[in-house]
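What follows is each chain in one-letter form.
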Amino acid sequence: MQQNQQSLSGLSQSPRSPQSEPFLSVSVIDPVKLGNGVQAYISYRVITKTNLPDYQGPEKIVIRRYSDFVWLRDRLFEMYKGIFIPPLPEKSAVEKFRFSAEFIEMRRQALDIFVNRVASHHELRQSDDLRLFLQADEETMERARAQEMVIFKKKPADLMQIFKDMQAKVSDVVLGKEKPVEESTPEYEKMKHYIFELEDHLSEAQKHAFRLVKRHRELGQSLSDFGKAVKLLGACEEDALGKAFSELGGRSEALSTKLQIEAHHLLMNFEEPLKDYVRAVQSIKATIAERANAFRQHCELAETVKLKEINLDKLMLTRSERVGEAEIEYRELKAESEEATKRFETITRLMNDEMARFQEQKTLDMGLAFHEFAKGQAHLANDIADAWRSLIPKLEACSSS
Amino acid sequence: MMGYDHEQEAKEEESHLYASPEEMETLVLEDHPSSTDHPANLAASSFSALSRHPLSPPPEIFTTTDSVDKSDAYSFAPLSPSLSHHREQRSPNSSFNSFLEPPSYADAMFRSFDGEPSEVDGHDHSELSNSEYIHISVSDPHKVVETSNSLVPGGSYYYTYLITTRTNVAEFEGTDFGVRRRFSDVVTLADRLAEAYRGFFIPLRPDKNVVESQMMQKNEFVEQRRVAIEKYMRKLANHPTIRKSDELRMFLQVEGKLPLLKSMDMASRMLDGAVKLPKQLMGDPAAVVLLDEVVQPAKGGRDLLRIFKELKQSVSNDWGSSKPLIVEEDREFMERKEKLQDLEQQLSNVSQQAESLVKAQQNMGETMGELGLAFVKLTKFETDEAVYECQRARALDMKNVATVAVKASRLYRELNAQTVKHLDKLHDYLGMMLAIDNAFADRSSALLTVQTLVSELSSLQSRIEKLEVASSKIFGGDRSRMRKIEELNKTLKVTEDAKCCAVREYERIKENNRSELDRLDKERHTDFLNMLKGFVVNQAGYAEKMATVWKKVAEETSCYARGLS
């Protein structure tokens, strides 16, 4: 496979011929501000190019907003436990920043990456919710989104489960079993510890990366101010010296622009990938929580089944009329327990695969980010060196005259 | 009799003193900014405070970075103000020729300080005629406890500093010598120079810093003062006229008590003046102007009457209906003065922006370093916890980036230290603006003296005329009036002599102003050009180094790049 070509935008190569390998490629573009006042929001065009049979091909365009993406992710998280669902960019906390060009661009880029990751994941791409998201018209999408908003959206069986969970928690506390049951295989412990500590390290690096962007902007600004001031000083001096000052001022201002450009490049191609990495790790933590839940359910149900079995044997010995009823209950519970166990085992298996994939992908992602970082810095430094160097002969000429 | 006081005193008694600006606060005849409040000084002090910020690059930098050539055996101490103590004289142009060698200025920047003339003491920009030099250094502060009449038991003390000079100037008897001086000696030297060299751009002496000294730790304060005195001495040695002065020579060479007359404080001067005033007002014939005094400004002197007269004259200049009889008519001077004011403003502006630039560079370096360290930690973490092979690969990439980021951070710090040094020239010139203000003030006050004497003369003449007319009307003459006329004529003669003296003094000061302005223009031209060169070479050199190290990492990670670009 073309693993080495796998980049942030996923499998986006166009087919060699229409009947060849199935592909699904998505772009998120053209942010547009809609609505008024407090209810204003940004909508994006989502273009899907595909040759998959279930999709309306070859191309379909829909309009989506941020909350639609959130819906998709929530659905995927529900349906595909064990898989590391790609992260979404955060909701904006600060009101006035919400519509700044930079924020919108960063968000658009992140959403594009999100959808493409989903589309290139061998399991996730088969999701019906994904298809709905990519293909349905706006009203259908809105209806789907609205349904999710219902607070007790869970099915009755799930409600029972929630109730049971609460019961179990209470009885645990009452019985003095404070700690919920947790798996503790050494490999899994190591992985959990790794993930939690990784988040800390990455957050720190991302914080400094963000600050570095700011420093570039500040340096750019002060170079611009400095250049202007030097030019004014040049106006006080005559002839050669005045010209020298004025040239220096001009160079300084030109470099200011280059710094602003590099600041933006650094933000989009280094800081954002780092932030994305942090989000991905947080997503893994959520999956870890899901796994813990599944494990607990599996344990508890297994316990309950054992108890039920003992009870059933007792009833059979005493030839009670309740045997039939108990037997049915027992069988149901057994099935449930087996389901829970299966769920847990699936999650475990998936997570192992996902972890391997994740590490591979991150090495590529970070490699690219580092490359962009180094490239940007090298270019900037070269530009700076060239700009200043070009002044030297002029200054030489001044002093000899 | 109105007139200037005749002073018969012998040499022992102090002559008129030139008041430094801060002492004139109670008797300001013109708008004169106190030197401690001048924005230039504020900027300069915060600027140099910045340069003393933990920016000093550790000397071990040069052994750890591989991008440094082995040829850079130059030992690097960029922040020390006493950097070039024993630097021999070098022609300012020779090292700049080496800058024309393409392509790398990375090495050149370390040599850029060789040719800086201002680094070397006693050097001047143009008159390197006999390769004369005067190297001065100030060191070794000693605390001396004052034993006599201190009200506080064991309380009063002062510091003395060792002032060592190395010179080949013939006027000094000897080539290496040292004396101990205290700060008040420096003040005395400054005052005597100000009197003797009216019209010259005399470097400003270090501040007295009374309030600040209470706030600081003693050794901090003493060190700051030591540095300030040293800078001042070097500036004096750098001035082509002042370096030849007797006052400076005596200060540098004569052991024991400084043989210069001490400056008197304001109160005593006023007191003396108050004593003389009644005699002057009574028209004591002896109370006529002494020619010596005419060549000093009225302000800060002891002749209260003269101060009042000149004050009156200046008010009439500003508000009177008729123009004074002699005015500043040197058009060229006025133009140059205006240009200088403009220059000062722009210099101040640039120096402020330069400070921001330095801060921004510093921040950049710090953040880059922090980022590098964060990645170093991450690298260690990934390596320790690696389960998959790709983690090790990632850790390696990360390590390369982290190493370069830390290197770049150090480069920024060095760059900054050099930038501060270069742009410090701006502060020197801002400081000089104050000296120029003083020189122009000398001129104005000399002019004011002339104007006052001229109106004095004309009023005397009109009085004489009136008396003559009145007396001629009386047959046989009017004895008392005749006597009065005789007295007035005497006063007239003395006043005329004084006026001639004052005019000569005024012309002398004008000439000093002019020659100094020429010198300033020339030196400034050279200094600023060197400053620009230094700055630019510095920036180019460091940028080159950074480009090199980043390029390497970019190449190492190029396998991750998309096939597009």
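Residues numbered from 1 in each chain as written. Chains lettered and ligands numbered in written order. Predicted model: local features only at pLDDT ≥ 70, side-chain atom pairs only at ≥ 80, totals over all residues. Heavy atoms only, no water.

Trainee: Pulling in residues and values, what's your account of helix α1 (residues 66–79) of chain A?
Mentor: Spanning 14 residues, α1 of chain A covers 20 Å between terminal C-alpha atoms, matching the ideal 20 Å at 1.5 Å per step. Along α1 of chain A, the residues classified as buried are Tyr66, Asp68, Phe69, Trp71, Leu72, Arg73, Leu76 and Phe77 of chain A. (Helix = DSSP H or I, 4+ residues; strand = E, 2+ residues; numbered from the N terminus. Expected span 1.5 Å × (residues − 1). Buried < 20%, exposed > 50% of the residue type's maximum accessible area, 1.4 Å probe, protein only.)

Trainee: Before we move on, can you summarise the interface of chain B and chain A with the specific residues and values?
Mentor: Counting residues at the interface gives 68 residues for chain B and 69 residues for chain A. Counting each side, the surface lost to burial between chain B and chain A is near 6100 Å², with a carbon and sulfur contribution of 74%. Run the count over chain B and chain A and you get 5 salt bridges. In this structure, glutamate 238 of chain A engages lysine 339 of chain B in a salt bridge whose closest nitrogen and oxygen atoms are separated by 3.3 Å. The tally of links between chain B and chain A comes to 15 residue pairs in polar contact (both at pLDDT 80 or more). Listed by contribution, the elements that provide at least two residues to the side of chain B that touches chain A are α12 (331–385), α13 (389–472) and α14 (479–556) of chain B. At 26 residues, α12 of chain B tops the list of elements feeding residues into the side of chain B that touches chain A. For the side of chain B that touches chain A, a count of residues per class yields 42 nonpolar, 13 polar and 13 charged. (Contact = heavy atoms within 4.5 Å. Buried area = accessible area lost by both parts, 1.4 Å probe. Salt bridge = Lys/Arg side-chain N within 4 Å of Asp/Glu carboxyl O. Polar contact = N/O pair within 3.5 Å; in protein donor to acceptor, adjacent residues only side chain to side chain. Nonpolar A, V, L, I, M, F, W, Y, C, P; charged D, E, K, R; others polar.)

Trainee: Could you give me a rundown of the domain arrangement of chain A, with the residues and numbers involved?
Mentor: Residues and elements named next belong to chain A. In terms of domains, chain A is made up of domain 1 (1–155) and domain 2 (158–401). With 26 residues of domain 1 at the contact, the number on the domain 2 side is 28 residues. Per-residue buried area on domain 1 facing domain 2 is highest for Lys81, Phe84 and Met106; these three make up 25% of the total on that side. Linking domain 1 with domain 2 are 5 salt bridges, by the criterion used here. (Domains from an automatic or database assignment.)

Trainee: So what about empty space enclosed by the protein? Which residues, and what values?
Mentor: In this structure the tally under the stated criterion is 9 cavities of 30 Å³ or more. When its volume is computed, the second largest cavity comes out at roughly 200 Å³. When residues of the lining of the second largest cavity are traced back to their parent elements, those giving at least two are α6 (186–236), α7 (239–317) and α8 (323–400) of chain A together with α12, α13 and α14 of chain B. (1 Å grid on protein atoms, 1.4 Å probe; cavity = no way out; pocket = protein on both sides within 12 Å on 5 of 7 lines; lining within 4 Å. Points joined across faces, edges and corners; volume = space filled by probe spheres on them.)

Trainee: Lay out a nonpolar patch on the surface with the relevant residues and their values.
Mentor: Together, Leu311, Val315 and Trp319 of chain B make up a nonpolar patch on the protein surface, roughly 350 Å² of accessible area in all. Locating leucine 311 of chain B in the fold gives a position in helix α11 (residues 304–319). (Patch = residues over 30% accessible without salt bridge, like charges linked within 9 Å, V, L, I, M, F, W, Y side chains within 5 Å. Areas by Shrake-Rupley, 256 points an atom, 1.4 Å probe, with all protein chains shown as cover.)

Trainee: An account of the side chain of arginine 279 of chain A is needed here, citing residue identities and associated values.
Mentor: Residues and elements named next belong to chain A. Tracing the backbone through its elements, the reader meets arginine 279 in helix α7. Since its relative accessible area comes to 6%, arginine 279 is described here as buried. Excluding residues that lie within four positions of it along the chain, arginine 279 makes contacts with Pro87, Leu88, Pro89, Glu90, Ala110 and Glu272.

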